[in-house]
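# Breakdown of the fold
So you can see what is in the structure, the chains are spelled out below.
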Amino acid sequence: VLAGFDAPAAERILALRARLRESGLAGRENHRLPPHITLDLWPMEQAGAIAERLCAAAEASPPFPLRFTHLGVFPGGASRPLLALKERFAPASGWAPHATVFIQDPAAVLQAVSLLAGGFLAFTARVERLYLYEVGTGRLLLERPLRPGR
């Protein structure tokens, strides 16, 4: 289950990834998935039950802002709305919320941070939707906006 962002925020994250690719850095992140925060992972055999939980969570949760202030995990943990959304699927203890920009070996990650850090400007995203993806294939199984029509 993934928490998805508004289009301008997703475009900002995709632009960071593009900047790295243009600099010759190829990451291992799954480009078939939209920019997101992973709320939890389950075996595909549970997809039906998880889809029901996703629909209930989307109906009960309003969209909310999320501030990206630096490269790395969110400082001090997650906002209350993000934690509440996470807790609908699994306990948040030990969870490090983040939006993946680049996955690679440590030396390449350091190079990526060096390339992006100087030009990184804080921005506010809006968590607007939930996705259920089959992660290995990148196949979208379900998408629901948070609290539609309210």
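In this text the structure is predicted, and so the values were computed from the model without any measurement.

## A word on the overall build of the chain
Along its length, the chain carries four helices and five strands. Sequence-ordered secondary structure for the chain, helices as α and strands as β, is β-α-β-α-β-α-α-β-β. In terms of C-alpha radius of gyration, the chain reaches 16 Å, essentially the compact-globule figure of 15 Å for 150 residues. The C-alpha extent of the chain, read off along each of the three principal axes, is 40 × 30 × 30 Å. A buried classification covers 38% of the 150 residues belonging to the chain.

## Overview of the pairing of strand β1 (residues 2–5)
The side-chain alternation of β1 yields two buried faces, one formed by L2 and G4 and the other by A3 and F5. Sheet topology places β1 next to strand β2 (residues 36–38); three bridges connect them, and they run antiparallel. Paired with G4 across the bridge in β2 is H36. Of the pairings in the sheet, the one linking β1 to strand β4 (residues 123–134) comprises four bridges and is antiparallel in character. If you follow A3 over to β4, its bridge partner there is L130.

## Notes on the packing of helix α1 (residues 7–22) against helix α4 (residues 106–117)
At their nearest, the axes of α1 and α4 sit 10 Å apart, and the two run at 115° to each other. Considered as vectors, α1 and α4 are oriented roughly perpendicular to each other. Seen along the crossing, α1 lies across α4 with a hand that is right-handed. When α1 is examined against α4, the residues L16, R19 and L20 are found in contact with a partner set consisting of A112, L115 and L116.

## A few points about helix α2 (residues 47–60)
An α-helical turn contains 3.6 residues, so any two residues separated by three or four positions project in the same direction. The first and last C-alpha atoms of α2 sit 20 Å apart over 14 residues, in line with the 20 Å expected at 1.5 Å per residue. Turning to α2, its buried residues number three or more, namely A47, I50, A51, L54, A57 and A58. All buried residues of α2 project into a common sector of 125° when viewed along the axis, lining one side. For α2, the secondary structure elements touched by its buried residues are α3 (80–87), β4 and β5 (139–145).

## With respect to the side chain of K86
Mapped onto the elements, K86 comes out in helix α3. Judged by its relative accessible area of 4%, K86 falls in the buried class. Apart from the residues lying within four places of it in its own chain, the contact partners of K86 are L39, D40, P91, A92 and W95.

## Regarding α4
In a regular helix each residue adds 1.5 Å, so 12 residues correspond to 16 Å; α4 covers 16 Å between its end C-alpha atoms and thus fits that length. Those residues of α4 that sit buried are A108, A112 and L116. All buried residues of α4 project into a common sector of 65° when viewed along the axis, lining one side. Facing away from the buried side of α4 by over 90 degrees, the exposed positions are P106, A107, L110 and S114. Against the buried residues of α4 lie α1. Between the side-chain oxygen of the N-cap and the backbone nitrogen of A107 there are 3.1 Å, and the N-cap of α4 in question is D105.

Procedures and definitions
Residues numbered from 1 in each chain as written. Predicted model: local features only at pLDDT ≥ 70, side-chain atom pairs only at ≥ 80, totals over all residues. Heavy atoms only, no water. Helix = DSSP H or I, 4+ residues; strand = E, 2+ residues; numbered from the N terminus. Rg over C-alpha atoms; globule rule 2.2 N^0.38 Å. Buried < 20%, exposed > 50% of the residue type's maximum accessible area, 1.4 Å probe, protein only. Pairing = 2+ DSSP bridges. Axes fitted to C-alpha atoms, helices over the stretch in contact; angles between N-to-C directions. Parallel < 35°, antiparallel > 145°, perpendicular 65-115°, else oblique. Left-handed = near helix turned anticlockwise from the far one by under 90°. Contact = heavy atoms within 4.5 Å. Expected span 1.5 Å × (residues − 1). Arc of directions from axis to C-beta. Polar contact = N/O pair within 3.5 Å; in protein donor to acceptor, adjacent residues only side chain to side chain.

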